[in-house]
Amino acid sequence: MKRLPTGGRIDRAAPRAFTWDGKALGGFKGDTLASALLANGIRIIGRSFKYHRPRGLYGAWSEEPNAIVDLAWKGEHDPNARSTLVDLQAGMAASGLNAWPSVAHDVYGLIDRFHRFIPAGFYYKTFKSPRWETFEGRIRQMAGLGTLRRSDDRRRYETRHAETDVLVVGAGPAGLAAARAAHAAGLRVILADDRAAWGGSLLWREGVIDDRAAADWVADTIAGLDGATLLPRTTVFGAYDHNAFGLLERRPSAADGWATERVWQVRARHVVLATGAIERPLVFPGNDRPGVMSAAAVLQYLREYGVLAGNRVVLVTNNDSAYETAHALIAAGARITIADARPELGAIARRAADHGIQVRANTVPVNTGGRHGLRWVDVAPRDNLAARERIPADVVAISGGWSPAVHLHSQAGGKLRWDAAEAAFLPEAARPGQHLAGAITGGTSLAEALEAGHHAGTVVASTFGRASAVLPPRAEPAAAPSPIAPLWFVPVPDQRQWIDFQNDVTLKDVALAARENYASVEHLKRYTTLGMANDQGKTSNVNGLAALAAFTGREIPEVGTTTFRPPFVPVSLGALAGMRHGRLYAPIRHLPSHADHLGNGAEMREYGGWLRPACYLRVGETVPQAIQREAASARQAAGLLDGSSLGKIEVQGADAAAFLNLLYYNELATLKPGRLRYCLLLRETGVVYDDGVVARLAPDRFLLSPSSSHTAGVLAMLRAWHQTEYPAMQVAFHDITAAWATYAISGPNARAILGRLATSIDISDAALPHMAIADGSIGGVPGRIARVSFTGERSYELSVPASHGAALWRHLLDLGARDGITLFGIEALSVLRAEKGFILIGTDTDGMTLPVDLGVTAPLRNKKVDFVGKRSLLTPDATRPDRRQFVGLLPADPRFVPAVGSHAIETADGKRRSIGWITTSCRSPALGRSIALGMIEAGRARIGETVELFHLGQTSRATITAPCHLDPAGERLHD
Amino acid sequence: MTDLARDAMTDRIGTGGTTVAIATPAALWLVSGPDQPANTIQDGSYWLGPNRSLVVAETPGPAPAAGFVSDVTDGYVLLDITGDWPALLAMGCTLAPAALAAGRCAQTMFAGIHVLLAANPIGISPTGIRLFVERPHAAWLLDWFRAAVSSLA
C-alpha cells in the first residue's frame, strides 16, 4: 500500500502531521484518518471485540466495522472515533483500541486460541453463578471499545430546527438530480450528504453527464442550487413520524468556539431518499484478515485519496460492479487476479480478460494467510473446493453484491421485499411523502439514477402545483449487467468465516444459534450480537440472515430482517444535548432579588424549577449550622424569606366564587372579601394535588397561591374544568406569578419591623388579623400585604411589582436590622413548618394521600355543594380505618434524626411488616431535639405508641404524636 | 423613605449584525374578554388564545377597559431580536420563520421555555421579531442567547 504521486482530491500542498500509536505520520488535507493510515502502510488498525484478532480497514465510509480508534486533538477526545469518517486534522493523535500494549502486538490476542470454548452464548451460559456482576468488570475490561476520559467534553454542540419543502438525502447522481429538479421548480430544498464532497459514488466512479465529466456536472449542479440549504458532512441518522428527520452535521473545521457538531431536526413536506447501497462482504475462511477489503472501498481509496491499497490484489466477486476496481488498480500499477464466483464469464468479465487480466470463473476463496496481514489467498473451483490454488496477495478485494441503504425508509415504516435477481432487500413501496431514487431501489446505471432522481424532483414539484424548469440530466445508457450469483458463504468445514467483523460473529455462531432454536432473526441478533454495536450490521445483516435461512431450511424472505431503528450512525450524547449542558442544562427561574441573595451568601438550589436560597451561609458555617441558626432566629426575633416563587393566579368573574367552590375541597363561597382561607385542591380520585391559601380580593375576584412547582398545573386544571365541564360559568384565570415579588417577614418582631414600613395599609391586628389581606401602597408603589403564616409565627407577606422587589428586600433588611432580622432559606422554612406539623405537598403527601389521611375532614362533612374528588372520598377504600394517616414522631434518642423514608415496622407472627414511613425529619432548634412527620397506618389511633423504625439495616424507635410539635394552640401567630 | 427603586432589566447582546435587546414598553396587561383573530397582533393586543390576549402599551396610558384585566407589566421581559433572527430562532424552537409573517404572533417553546413570538410589532425594526418571556426565565434565556449568537458571527 502506498500513496501514488498523483490522483485523488486531496490537497498535496497542505500536509497534515498526525500520530498513530505515538508514531509520527503524515497525510494531506482532504484525507480521512483512515486513508492517511492506509497511505502510511498501517495495516492493523483495531482488534476484534471478542477474540482480539487483528483487524484492518474493510470499508471507506460509514459501513466500516473495524477501524474504530481513540482520537485526541486540540484538547478534545473521542474514545470511539470512526477513522473512515474523521477528516484528518493536523496534530491528531490516534491510537488503537481494545489491545495491550498495542493493536499491532496485543497480548490478549491469545484469547483467539481458545475460540472453540467461547462461541456465541458462552457468556450467558457460563457467567451465571453466583452473579453476573462478579465477572462483568473483568470481561468488560477485556472486551469492548474506547474509554472515556474523566475530563469534560469541551466541544460545543448545537441544535438546529428547519422546515422545508423537500429534504434530499444523498448527493450522488440521483440525489443531485432530484435536488436540481425541485430547486428549479422554486421549492425550498435541503440537500444532505454524509461526505465532505458532493457527488456520492461519482467521487470514485467514472462517468459523463450532459456531455461533460461527472465531477464538472456535480460542481455545476451544486453551484446552481442557489438558496438551497446545503449540508455536506451531514448524516441523516433517523426518520420519524410525519417526515421528521434527525441529521448529524459534523463541522471539524469550525472556528474556535463554534459548534463542531450540530443536530438538525428537520420537518420535510417530502423526502427524496437517494441513499445508495452498501457493498456486502463475502463470507469465506479467513475473511477478516487485515488486507481483505471491500472492492468499492479499494476503488475509493485509490480515486479519492490517491492510495493504492495493495500491489498484488486478488479481486473476488459474484457480480459486475467490482470490475471497475480491477481496471483502476491495473492502471495504477497493481497486479490483479480476479476470482469470479459465477460459473460463466459475462461481458464485463470477458472484456477484462481481453485486457490481459487473469479472470477465473466459478472460483471462490477458501482460505487466507499471513501473520500480521495478508500474504496469500487460496482459491478453488466452486464445485471442487479441495482443488486449491494459492495466490500471493497483499489485498483481497471482495464484492458480495450490494445492499440498498433502506434504513431511513424502514425507520419510517416502509416495508421491504426480497428481490432474488438483485439478491437484496428492496423497498416495497415508498411511504407517503417519501420518494426513492437511485441504488436504494436496486442496481441502477448512472443514466437510470439520474433519471430516477430527476423524476422524484419533478413529482415533488407537481405536488406543489409546480413544474421543474430544467431538463433531465443525461448519461450514456449502460449495458445490462450480468446477473449476480449469490454466494452467502463457502461450505468449508472447521474454519471460521466471519459474518459480523465488529462483533466477532462467525458462520459457526449462526449455525449454533440455529441448532439451539434461535430461529427468529431478532433472537439470532440478541443471542449472537450480530448486527449490533455502532455499525449496526451495515455489512453483516444480509449475510447473517442468509446463513440463518440456510441453517433453518428456509428461504431468505421467510427469515426477514431485524428492525431498522435510528440512529443510522452513532450520534454522541453531546450532539443530542446541543446547548443543554452546564448552566444551560435546563431552564431555571430566577427570583427578583437573585443578585441580593448571592450577595447575602445564599446557597442557591433548584426547587420546583426556581433557583432559590437553601440557606445563607456565614463565614465558617456549614449548611446544617446555617439552617439551625436561621430557623432559631425566625422563632426568637424575625426572619425574612423570599417567597416570590409562590404561585399567584387571579380568578375573576361573576361566577368565580361558585366555580372555585366546585374545584376546591374547602368551602369558598362563604369566604369574605379581604380574607384568606387555607384550602386543598383534589384530583378526581380524591388525592390531594395541591394546597395553598385562597384570598378573596373582591366579591368577584380571588387570588390563588398554589405551590411554586404546581402553579402551571393548577392553572391548567382550572382551565380544563372550565372548558370541559363548566363552560357557561363566567370566570377567567390569569397567572400573574412572574409579575410580583413576595417576601415573608415572620417572627415575634415582625409586627415591630413592619410598623416602620411606609405603607398605606393598616397593619393593626384589628384591620389586618391573621388570615386577612389588604391592598395599598408600599414604599410608594402598589402593593399588597397578607397576614398568613407557614412558620407558625406572626407573619406578613408583602407583595410589590417584581421590578421593585429587590429594593423592597433591601429595605426590609434595613428596617429589621435593629430587631435582629435574619434571612432564612427554604431549608429553615422546612424546619419551621415541620415543627408546626404543616404538610409540604409532594414531600409529606404522595399519589395516594386523601384529605382524610391528613386529618382534614370538616369540608367533607359540612360542605353543601359538590366538588372535585368528593365521590372518591366516599368509597370503601377511602374510608378504611387502617389508612395511613399523617402523624408526628419523636425519636427515642433526641439526638438521632431518622432518615426520610425510614419505615415504621410492625412485627406479628415473627414477620416484620411496614406500617408506614417518615416523610419529614429534622432537628428542631425550638425543641432542642429531633422531630419527624410521617404517614402511619391508623396513625391517629396509635398516638402515644412506640414504633420501630428501620432504614438500610439500622433500627431505632420513635413515639407517635400529633403532627404539631410546637404551639398547638397557635398562640404565637398572635404574639 | 424614598420610593422603592425600580430594577429595570437592561441587556444587549450582539454579534455580527444579530442583536438581542431588552425592550421596555410602558405597560402590559393580560386581558380576558373580547376576542380577535387567532395569532394576530391588533392595536398592541397579542392573541394568546380564544378571548385571551396580552395588551402592550408602548407609551403610558390607561388599562384596557373591557374584560378581566391583570397588570403584568413586571411579569414579562421583551426581547427585540434583529439581524439573522431566523437562524437564532432555528437554534431554539421548531417554529418555522414562515409562521411569523408581519403582524402575526405565536406561542411556542423556545429553548425549553414557554414564550410568545411576534413578528414586526409596532416600534421595532421591521426585520426583527419580538420575544416575550416571563421575567423569572429572562436571565437564563439571555445566557442562552449569549451562547447562541456566538455561532452567528
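Our structure is the block above this text.
In this text, all values refer to a predicted model and were calculated from it rather than measured experimentally. (Residues numbered from 1 in each chain as written. Chains lettered and ligands numbered in written order. Predicted model: local features only at pLDDT ≥ 70, side-chain atom pairs only at ≥ 80, totals over all residues. Heavy atoms only, no water.)

**Q** How do you make sense of the overall build of chain B when you look at a structure like this?
**A** When you go through chain B residue by residue, the secondary structure sums to two helices and 11 strands. For chain B, the succession of helices and strands along the chain, N to C, is β-β-β-β-β-β-β-β-α-β-β-β-α. Relative to its length of 153 residues, chain B is compact, with a C-alpha radius of gyration of 15 Å against a globular reference of 15 Å. When its C-alpha atoms are laid out on the principal axes, chain B stretches across 45 × 45 × 25 Å. Counted over contacts in chain B with a minimum sequence separation of 6, partners at least 24 positions apart contribute 61%. Within the structure as shown, chain B displays about 6000 Å² of accessible surface, and the carbon and sulfur contribution to it stands at 55%. If you average the places of the 7 positive and of the 12 negative side-chain charges in chain B, the two averages end up 3 Å apart. (Helix = DSSP H or I, 4+ residues; strand = E, 2+ residues; numbered from the N terminus. Rg over C-alpha atoms; globule rule 2.2 N^0.38 Å. Contact = heavy atoms within 4.5 Å. Areas by Shrake-Rupley, 256 points an atom, 1.4 Å probe, with all protein chains shown as cover. Lys, Arg positive; Asp, Glu negative; His and termini not counted. Charge placed at Lys NZ, Arg CZ, Asp CG, Glu CD.)

**Q** Would you mind going over the packing of aromatic side chains with me for this structure?
**A** Taken as a whole and judged by the stated rule, the model has 22 aromatic pairs over all chains. For the ring pair Phe 127 of chain A and Phe 135 of chain A, a centre distance of 4.7 Å and an interplane angle of 50° mean the geometry is tilted. Residue Phe 127 of chain A is classed as buried on the basis of its relative accessible area of 17%. Classification of Phe 135 of chain A as partly exposed rests on a relative accessible area of 23%. Pairing Phe 110 of chain B with Trp 144 of chain B gives two aromatic rings, centres 5.1 Å apart and planes at 75°, and the pair type is edge-to-face. Taken together, the positions of Phe 110 of chain B in strand S9 (residues 105-110) and Trp 144 of chain B in helix H2 (residues 135-149) put the pair 34 residues apart, joining distant regions of the chain. Accessibility assignment for this pair places Phe 110 of chain B and Trp 144 of chain B in one class, buried. Taken together, Phe 122, Tyr 123, Phe 127, Trp 132 and Phe 135 of chain A form an aromatic cluster joined through their ring pairs. The ring of Trp 376 of chain A carries the charged tip of Arg 390 of chain A above its face, separated from the ring centre by 3.4 Å. Of note, Arg 683 of chain A hangs over the ring of Tyr 689 of chain A, and the distance from its end group to the ring centre comes to 4.0 Å. (Phe/Tyr/Trp six-rings, centres within 6.5 Å; stacked < 30°, edge-to-face > 60°. Buried < 20%, exposed > 50% of the residue type's maximum accessible area, 1.4 Å probe, protein only. Lys NZ or Arg CZ within 6 Å of the ring centre and 35° of its normal.)

**Q** In this structure, what is going on with unusual backbone geometry? I would like to understand it.
**A** Negative phi values dominate among residues other than glycine, just as trans dominates among peptide bonds. The amide bond that connects Ser 129 of chain A to the next residue, Pro 130 of chain A, takes the cis arrangement and shows omega of 0°. Mapped onto the fold, Pro 130 of chain A is located in the loop between helix H2 (122-126) and helix H3 (133-142).

**Q** I'm lost on the nonpolar core in this one. Help?
**A** Ranked by size, the top nonpolar core spans 68 residues in total, and within it Leu 798 of chain A together with Phe 110, Leu 131, Leu 141, Trp 144 and Phe 145 of chain B carry the most contacts. Once you skip the residues sitting within four places of it in the chain, Leu 131 of chain B turns out to touch Val 77, Leu 78, Leu 79, Ile 81, Phe 110, Val 115, Leu 116, Leu 117, Leu 141 and Phe 145 of chain B. By size, the runner-up hydrophobic cluster in this structure holds 57 residues, among which are Leu 4, Leu 57, Val 103 and Val 395 of chain A. (Core = buried A, V, L, I, M, F, W, Y, C linked by side-chain atoms within 4.5 Å.)

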